[in-house]
Amino acid sequence: HSADWGVSEREGAFYLTASRFDGRADAQDVLGMATELLPVINGAGLVGLDGFRPVEIDGQAELLREDGTSELHIVVAPGHLSLRGSRPTISIGGIVPGSSEYSDMEECLSLARDNPQIGKALALFGGTAHTWRNLYLVLEVIEDGLGGERQLLDQDWAPPRLKDFKHTANNWFTLKAESRHATEKWLPPSNPLSLEEARQLMRQTLRGWIRSVLGKP
């Protein structure tokens with residue numbers, strides 16, 4: 001790959017290669033780097049692939065080859081990361097790209113490397129629980145990346161219910177302890193979102209932003 005790291009699909013599994021892994025023989029070193037990359041990978045998968053299952057590191061194992069030499073694997077579920085010579089790879093199984101509007105994870109991951117704000121948003125979406133507070137963090141990163149709330153709302157691809165999302169996320173009467181604020185000075189929204197609707201809204205918003213930066217309709 002021309003990028004520092006990327007993902008390719010083969011036989012229903014995804015393989016991550018990262019130049020930062022090259023020459024790394026220490027398992028803990030590679031494990032630490034993989035831990036940093038996985039939230040971004042998961043974010044790209046959740047945004048671009050219908051039915052994607054987030055991957056998490058599940059341990060490590062040393063397996064014997066037929067010639068008697070050993071190969072170190074860092075196990076993730078679902079999938080595994082293998083240290084094969086100087087080109088370790090992460091294999092992420094369980095998903096085959098379908099007719100998703102955005103299914104090119106390699107391009108997305110290259111963009112995340114080059115655009116820190118997009119990398120940050122993907123890491124939040126892929127590395128934190130989808131609570132109202134965390135989804136709001138994703139929205140704030142998108143707004144910052146575009147220059148503010150008005151700039152986001154002016155985009156042709158901006159979902160129409162972003163203000164409903166904010167009103168719901170900030171309202172104590174609607175969400176109680178899950179709300180971002182405890183003040184009771186704001187009336188509840190007339191058209192509140194469910195948490196699943198909010199998750200899909202942030203997925204749509206993040207995907208729209210990524211596609212616009214890539215110059216895709």
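The shown structure was predicted, so the numbers you read here are calculated from the model rather than taken from an experiment.

1. Focus: unusual backbone geometry
Glycine aside, a negative phi is what most residues show, and trans is what most peptide bonds show.
Then, in step 1: Its identity is not glycine, yet lysine 176 carries a phi of approximately 55 degrees, on the positive side.
Then, in step 2: Among the structural elements, lysine 176 can be located in the loop between α7 (172-175) and α8 (195-213).

2. Details of the packing of aromatic side chains
Aromatic ring pairs: the centre-centre distance and the angle between the two ring planes describe each pair.
Then, in step 1: This structure, assessed with the given rule, holds two aromatic pairs.
Then, in step 2: For the pair tryptophan 132 and phenylalanine 165, a centre-to-centre distance of 5.8 Å together with 25 degrees between the ring planes defines the contact as stacked. One end of the pair, tryptophan 132, is in helix α4 (residues 132-146); the other, phenylalanine 165, is in helix α6 (residues 162-169), with 33 residues separating them in the sequence. The pair formed by tryptophan 132 and phenylalanine 165 is uniform in burial state, with each residue classed as buried.
Then, in step 3: Look at tyrosine 136 and phenylalanine 165: their rings are 5.8 Å apart centre to centre, the planes differ by 25 degrees, and that puts the pair in the stacked class. Of the two residues, tyrosine 136 sits in helix α4 while phenylalanine 165 sits in helix α6, which places them 29 residues apart along the sequence. Here the two residues tyrosine 136 and phenylalanine 165 agree in accessibility, since each one is buried.
Then, in step 4: Among the aromatic residues, those joined into a cluster by ring pairs are Trp132, Tyr136 and Phe165.
Then, in step 5: Over the ring of tyrosine 136 we find arginine 180; its NZ or CZ atom is 3.6 Å from the centre of that ring.

3. Some remarks on the nonpolar core
Then, in step 1: Ranked by size, the top nonpolar core spans 40 residues in total, and within it Leu122, Phe125, Phe165, Met202, Leu206 and Ile210 carry the most contacts.
Then, in step 2: Residue assignment for this core shows that the elements contributing at least two residues are α1 (27-48), α2 (105-114), α3 (116-127), α4, α6 and α8.
Then, in step 3: Those residues in contact with leucine 206 that sit more than four places away from it in its chain are Val47, Ala121, Leu122, Phe125, Val138 and Ile142.

Conventions we followed
Residues numbered from 1 in each chain as written. Predicted model: local features only at pLDDT ≥ 70, side-chain atom pairs only at ≥ 80, totals over all residues. Heavy atoms only, no water. Helix = DSSP H or I, 4+ residues; strand = E, 2+ residues; numbered from the N terminus. Phe/Tyr/Trp six-rings, centres within 6.5 Å; stacked < 30°, edge-to-face > 60°. Buried < 20%, exposed > 50% of the residue type's maximum accessible area, 1.4 Å probe, protein only. Lys NZ or Arg CZ within 6 Å of the ring centre and 35° of its normal. Core = buried A, V, L, I, M, F, W, Y, C linked by side-chain atoms within 4.5 Å. Contact = heavy atoms within 4.5 Å.

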